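Residues per chain are reported as follows:
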Amino acid sequence: MSGTLCIDGIAVPFSDGQTIIEAARSAGVYIPYLCHRPGYAPYGSCKLCTVKVNGRTNTACTLPAADGQTVISNSPDLQHDRQRITQMLFVEGNHFCPSCEKSGNCQLQAVAYHQNMLDNHYPHFYAQRELDASHPDILIDHDRCIFCNLCVRASKEKDGKEVFGIAGRGIHKRLIVNSPSGKLKDSDISVDDEAAHVCPTGAILVKRSAYLAPIGERIYDHHPISEVACEKAVLDTQAAKGHASCDQAQLAGQVPQNSGSDSHYAASMPPAPDIKHGR
Amino acid sequence: MAAKIKIATTSLAGCFGCHMSFLDIDERLLSLAEVVEFDRSPLTDIEHCGPCDIGLIEGGVCNSENVHVLREFRNNCKILVAVGACAINGGLPALRNFFKLEDCLLEAYQDGIGVDNPQIPNDPELPLLLDKVRPIHEIVKIDYFMPGCPPSADVFWNYLNALIEGRDPTLPYELVHYD
Amino acid sequence: MLRAVQAQYLHIPQAAIEQLAAALHIPRTQIIAVAEFYSFLHLTPQGRYDIHISDSITDRMLGKEKLLNYLSEKLNVKVGQVRADGLVSLNNTSCTGMCDQGPAGLVNGYALTHLDYARIDVIAKLIEQQAPLTDWPAEFFAVDEPIRKPGLLLNQPFNNGAAIAATFARGLAETLAEVDCSNLRGRGGAGFKTALKWRTCSVQAATPHYVICNADEGEPGTFKDRMLLDLYADQVFEGMTLCAAIIGSDQGLLYLRAEYLFLYEQLQRVLQRRRDSGLLGRNIHGRPGFDFDIEIRMGAGAYICGEASAQIESLEGKPGIPRVKPPNSVICGYQRKPTVVDNVETFFAATHIAIQGGQWFAEVGTAQSTGSKLLSISGDCARPGIYEYPFGTPIEDILRDCGADDVMGVQVGGPSGTFISNRELQRRVAFEDLSTAGSFMVFNSSRNIFDIVQNFTDFFAHESCGFCTPCRVGTTLLKNQLRKIVEGNGAAVDLEELSELCLIVKNNSHCGLGDSAANPILSTLASHPELYLNQLKQSSFTPGFDLDATLAVARRMAERDDDAAHLSQVEN
Ligand SMILES: Cc1cc2nc3c(=O)[nH]c(=O)nc-3n(C[C@H](O)[C@H](O)[C@H](O)COP(=O)(O)O)c2cc1C
Ligand code: SF4
Ligand code: SF4
Ligand code: SF4
Ligand code: FES
Ligand code: FES
């Protein structure tokens with residue numbers, strides 16, 4: 001099934017099997033995410049991509065796109081909650097960016113920048129977690145793990161191994177390693193595995209790759225994650241030509257006319273943002 | 001001429017990096033000086049904070065002295081700003097939170113290499129250490145946060161101008177940094 | 001499987017993890033993840049007598065905290081620990097479903113009821129003598145089923161096989177139509193229309209189809225499923241069987257919460273008897289080709305496993321983490337096949353609808369909530385126990401029947417339900433007003449609302465599966481923020497923060513647990529705002545932790561105790 005849905009007043013085409021987040025990304029419309037990664041099975045745990053679909057709350061990374069959906073992503077309420085959820089991730093672990101090798105290339109940090117997050121808001125948890133530096137090439141700093149499960153999926157689905165798992169319940173969640181000692185050095189991970197590179201934060205790091213890019217040339221130094229996340233996808237599609245707003249789309253007959261709430265909503269939307277200068 | 005805006009600044013458990021960065025606003029300092037005057041600050045040597053419009057706090061809270069100074073600022077400043085990573089989340093000094101305070105003290109004063117006359121200081125004049133380094137918003141109410149380690153001179157400029165003009169400060173993407 | 005290992009070794013040893021991983025071809029991470037997820041599985045050895053005491057609010061009201069301390073002293077073991085000689089371990093646990101006969105607990109998984117000082121003295125002695133549980137006085141384990149007020153369903157006469165016979169006589173489609181016309185809605189909480197679920201499942205092309213009976217009954221204050229399985233098991237199994245006939249299933253599962261281990265043997269006997277009389281197994285009721293059997297699987301202590309998709313994960317040997325929806329489990333459930341998950345009481349009701357017809361059921365109750373509801377009543381009332389009422393019954397009538405006076409408030413639907421004050425007692429039990437899976441806790445005017453709200457909020461933080469950020473982090477933030485206010489360290493901003501946090505957790509969580517985790521705070525904020533306001537400090541802000549205590553280590557090491565070595569919580 002393919003068709004068109006409407007995200008914040010922008011008409012977004014989708015193809016068979018695409019989730020809302022992927023349809024949006026392909027069209028250059030950024031919906032923040034952390035536990036999602038293009039090409040990976042949906043997981044839906046971080047809740048950053050929470051949107052309203054036809055008035056109901058859902059995660060854009062798990063919900064299949066469907067024709068005529070009206071999606072709200074950038075309402076003040078949703079943006080506010082998104083920032084609070086990001087702040088929860090910051091206080092749950094221990095994130096001291098000035099001393100983190102991932103700084104500047106970190107998706108968690110970039111998502112926070114994107115939201116103009118200036119503080120951590122909540123009281124810190126002062127979690128006591130460990131560092132696993134046992135492996136010659138790869139390091140795990142548990143302080144920065146956000147339980148996005150990407151390393152688990154990468155190892156299983158991409159590398160054909162099962163190096164990582166997530167154990168524990170509730171706030172006692174922890175990342176575990178499949179080896180007799182529980183240490184990374186005794187697992188069968190290799191530095192070429194996708195699992196060694198997939199972590200969106202500085203929790204899994206490849207040793208000796210720190211600070212290779214000087215400040216100013218790191219991924220998110222000048223380009224907000226909203227651009228970086230969409231860039232490749234946009235180049236691949238016609239969307240770079242600019243967006244059709246939903247009512248234009250309706251005029252062009254791409255969106256069914258029947259939904260009264262659609263057009264009402266589109267009419268009250270601010271003009272579609274220019275994706276090249278995303279903010 | 002309208003009364004000048006009063007600003008006080010201090011460094012708690014910080015490295016004065018933020019203060020240095022503040023001074024980096026360079027020649028803009030002169031135009032600032034036309035509208036503000038400094039109360040307690042490392043720049044003035046005034047010992048206690050009087051009633052002020054804006055208080056800038058660098059550094060987190062690591063000892064009892066920090067708590068007293070922070071409260072003095074809160075009581076005297078209409079607007080209190082957390083300046084820099086350390087004030088906002090503890091920053092580098094908070095790396096000691098991974099160790100027990102007991103072990104830190106023993107290492108520093110008793111068992112560490114090169115310690116002579118091992119003894120934990122007990123002079124009542126000295127402030128006691130908190131078990132953890134904490135961000136300042138866990139102790140008093142903070143009105144604004146200025147991220148960065150340190151925040152760049154442009155961030156200071158941006159914030160101070162906004163506050164002086166009575167606006168809520170906002171930062172463009174390029175200026176939001178945690179490092 | 002892990003339960004068996006644990007029973008033998010009192011925990012799941014590393015060697016067993018390695019062996020199981022190799023034998024089952026699963027990564028050891030999966031075994032560890034499972035063991036850490038469930039409260040009753042452990043990676044470190046527990047005592048040979050492993051005692052858990054129920055920490056539900058109703059147990060607390062019956063003096064549980066003092067009893068626990070007494071027990072802890074008697075046995076010389078701290079709560080949360082194993083005694084050095086390995087003989088005994090002592091822990092708190094969430095509600096064990098014995099709220100009508102608390103304070104309650106578990107020893108090696110078997111329910112202990114009516115705990116008091118005298119019983120604890122005896123128990124301590126038995127443990128020190130290392131007497132096997134079989135030698136303990138039987139009355140310690142006795143579970144009463146006080147049915148105080150039977151109604152529409154509990155009063156119905158029943159002969160084994162009658163519902164199956166009626167179903168076949170009428171026809172499967174016709175019986176489904178009767179269930180439809182009865183307007184039966186799920187009794188497990190969500191109130192989904194049962195016939196719709198069954199019909200959707202029946203038309204799925206993928207095979208096989210499964211029937212799961214949800215007997216996790218984890219909502220604190222609920223124990224009506226316990227009673228049904230104890231006294232009416234045949235009628236529940238018969239409901240599962242006719243569901244199987246309708247949806248075309250040959251395999252049923254009963255997910256029995258770990259706390260109801262005492263029912264296991266007796267339920268197995270019921271199943272065997274049904275097999276022997278041709279009501280389970282092959283060609284049921286003489287109908288060629290209708291094969292169906294039921295297997296009992298035990299839970300391992302996790303409230304979230306009451307959620308249908310988490311339960312399915314648990315049945316598949318994984319941690320009970322709710323799945324992403326869509327697809328719904330009716331389409332993609334157990335083993336990724338179409339599955340009906342229904343509550344014990346739903347199957348029980350279906351049995352009688354199959355016999356009596358839908359109209360008979362629909363005539364009782366309200367338009368949107370037909371039939372009757374079993375309530376598990378506990379707390380401050382003269383006659384705790386099981387009551388059956390037509391939907392639409394006002395709370396005040398129920399309170400009168402159970403002998404509750406001097407009522408301060410009622411928690412309807414357990415922690416995830418609604419707290420109503422004594423000004424709202426005309427409200428009714430119904431999906432359209434006060435919805436409940438059965439929990440009904442009464443509080444009199446001597447009770448402190450904050451004790452109740454804190455107990456419930458702690459419960460959710462403890463039971464959060466931890467999958468999604470807002471619930472994993474948010475429930476703990478809620479717990480801490482509430483404590484800050486209750487302990488008198490809250491300022492006006494803290495109350496705003498609390499309300500905001502409630503909504504964030506509620507609006508962004510993945511499943512019903514997170515969705516309802518803030519309900520205790522939200523509903524008491526609505527009914528008793530003045531209570532919260534009175535707690536607030538006048539200052540602009542006070543730390544949420546004990547400031548002076550953070551100096552304790554430094555004070556001790558510097559051997560100081562002068563004034564300057566202390567900090568006041570609030571600026572003077
Ligand atoms: C956190 C949570 C706990 C639940 N616990 C139970 C339970 O113990 N028993 C139950 O029957 N349903 C429970 N449910 C509801 C189930 O998800 C599901 O709706 C129900 O079993 C369906 O059966 P029904 O339609 O017969 O009610 C729970 C739901 C949630 C979100
Ligand atoms: S992982 Fe990202 S957010 Fe965390 S400390 Fe490192 S750079 Fe900062
Ligand atoms: S280590 Fe990284 S990739 Fe793995 S779960 Fe944690 S944050 Fe996600
Ligand atoms: S809401 Fe809570 S219980 Fe439900 S999936 Fe999220 S963390 Fe787990
Ligand atoms: S990206 Fe959708 S929940 Fe994480
Ligand atoms: S001194 Fe400013 S952040 Fe450290």
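What counts and how
Residues numbered from 1 in each chain as written. Chains lettered and ligands numbered in written order. Predicted model: local features only at pLDDT ≥ 70, side-chain atom pairs only at ≥ 80, totals over all residues. Heavy atoms only, no water. UniProt positions renumbered as here; feature names shortened; annotations may be inferred. Helix = DSSP H or I, 4+ residues; strand = E, 2+ residues; numbered from the N terminus. Buried < 20%, exposed > 50% of the residue type's maximum accessible area, 1.4 Å probe, protein only. Areas by Shrake-Rupley, 256 points an atom, 1.4 Å probe, with all protein chains shown as cover. Rg over C-alpha atoms; globule rule 2.2 N^0.38 Å. Contact = heavy atoms within 4.5 Å. Lys, Arg positive; Asp, Glu negative; His and termini not counted. Charge placed at Lys NZ, Arg CZ, Asp CG, Glu CD. Near = heavy atom within 4 Å. Polar contact = N/O pair within 3.5 Å; in protein donor to acceptor, adjacent residues only side chain to side chain. Nonpolar A, V, L, I, M, F, W, Y, C, P; charged D, E, K, R; others polar. Domains from an automatic or database assignment. Buried area = accessible area lost by both parts, 1.4 Å probe. Pairing = 2+ DSSP bridges. Axes fitted to C-alpha atoms, helices over the stretch in contact; angles between N-to-C directions. Salt bridge = Lys/Arg side-chain N within 4 Å of Asp/Glu carboxyl O.

Chain B is annotated in an unreviewed UniProt entry as NADP oxidoreductase from Methylomonas methanica. Quoted verbatim from the Cofactor (unreviewed entry) field of UniProt, the annotation for chain B is "[3Fe-4S] cluster".

Under an unreviewed UniProt entry, chain A has the name NADH-quinone oxidoreductase subunit G and belongs to Methylomonas methanica. Among the UniProt annotations of chain A, the heading Sequence similarities (unreviewed entry) holds the following wording: "Belongs to the complex I 75 kDa subunit family."

Draft legend 1. Focus on the overall build of chain A. The number of helices and strands found in chain A is 8 helices and 10 strands. Here chain A holds 279 residues, and the buried ones make up 59% of them. Counting every atom, chain A has about 11400 Å² of accessible surface; 52% of that belongs to carbon and sulfur.

Draft legend 2. Molecular detail of the overall build of chain B. Helix and strand counts for chain B come out as 6 helices and 7 strands. Counting from the amino terminus, chain B carries its helices and strands in the arrangement β-α-α-β-β-β-α-β-α-α-β-β-α. Expected size for 179 residues packed as a compact globule is a radius of gyration near 16 Å; at 18 Å, chain B falls within 12% of this value. By principal-axis analysis of the C-alpha atoms, chain B measures approximately 60 × 35 × 30 Å. Within chain B, contacts between residues separated by at least 24 positions form 76% of all contacts whose residues are at least 6 apart in sequence. For chain B, the exposed area adds up to about 8100 Å²; of that, 54% sits on carbon and sulfur atoms. Between the mean site of the 13 positive side-chain charges and the mean site of the 27 negative ones, chain B shows a separation of 8 Å.

Draft legend 3. Structural context of the site of ligand 1. Residue and element names in this part refer to chain C. Around ligand 1 sit 19 residues, and of these Gly188, Asn214, Asp342, Asn343 and Thr346 come closest. A distance of 3.0 Å is found between an oxygen atom of ligand 1 and a backbone nitrogen or oxygen belonging to Ala308. Elements represented by at least two residues in the shell around ligand 1 include exactly β10 (339-343) and α20 (512-517). Among the elements that line the shell around ligand 1, the one with the most residues is β10, at 3 residues. Among the residues making up the shell around ligand 1, the classes are represented as 5 nonpolar, 8 polar and 6 charged.

Draft legend 4. Looking closely at the domain arrangement of chain A. Residue and element names in this part refer to chain A. Per the domain assignment, the segments making up chain A are domain 1 (2-78 + 225-238) and domain 2 (101-206). For domain 1 and domain 2, the distance between their C-alpha centres works out to 25 Å. Listed as interface residues are 16 residues of domain 1 and, on the opposing side, 18 residues of domain 2. Taking both partners together, domain 1 and domain 2 bury about 1400 Å²; carbon and sulfur atoms supply 61% of that area.

Draft legend 5. Representation of the sheet that holds strand β2 (residues 36-38) of chain B. Residues and elements named next belong to chain B. Spatially, β2-β1-β3-β5-β7 is the arrangement adopted by the 5 strands of the open sheet, whose pairing is parallel. Two strands in the sheet have a free side with no partner beyond their single neighbour: β2 and β7 (144-146). The average undirected angle you get between the axes of adjacent strands in this sheet is 30°. Alignment of strand β3 (residues 52-58) against strand β5 (residues 77-83), held across 6 bridges, turns out to be parallel. Note that in β5 the partner of Glu58 across the bridge is Val83. Contacts from helix α3 (residues 64-76) reach β1 (5-11), β3 and β5 within the one sheet, and its direction differs from that of β5 by about 135°. Taken strand by strand, helix α6 (residues 153-164) contacts β1, β2, β3, β5 and β7, and its axis lies near 160° from that of β7.

Draft legend 6. Geometry of the interface of chain C and chain A. With 39 residues of chain C at the interface, the matching set in chain A holds 41 residues. Taken over both partners, the interface formed by chain C and chain A buries close to 3100 Å², and the fraction arising from carbon and sulfur atoms is 57%. At the surface where chain C touches chain A, the tally comes to 4 salt bridges. Its salt-bridge partner being Arg174(A), residue Glu36(C) comes within 2.4 Å of it at the nearest N-O pair. Scanning the region where chain C abuts chain A turns up 20 residue pairs in polar contact (both at pLDDT 80 or more). Going through the elements one at a time, α2 (14-24), α3 (28-37), α17 (449-463), α18 (469-486) and α19 (492-508) of chain C are the ones with two or more residues in the side of chain C that touches chain A.

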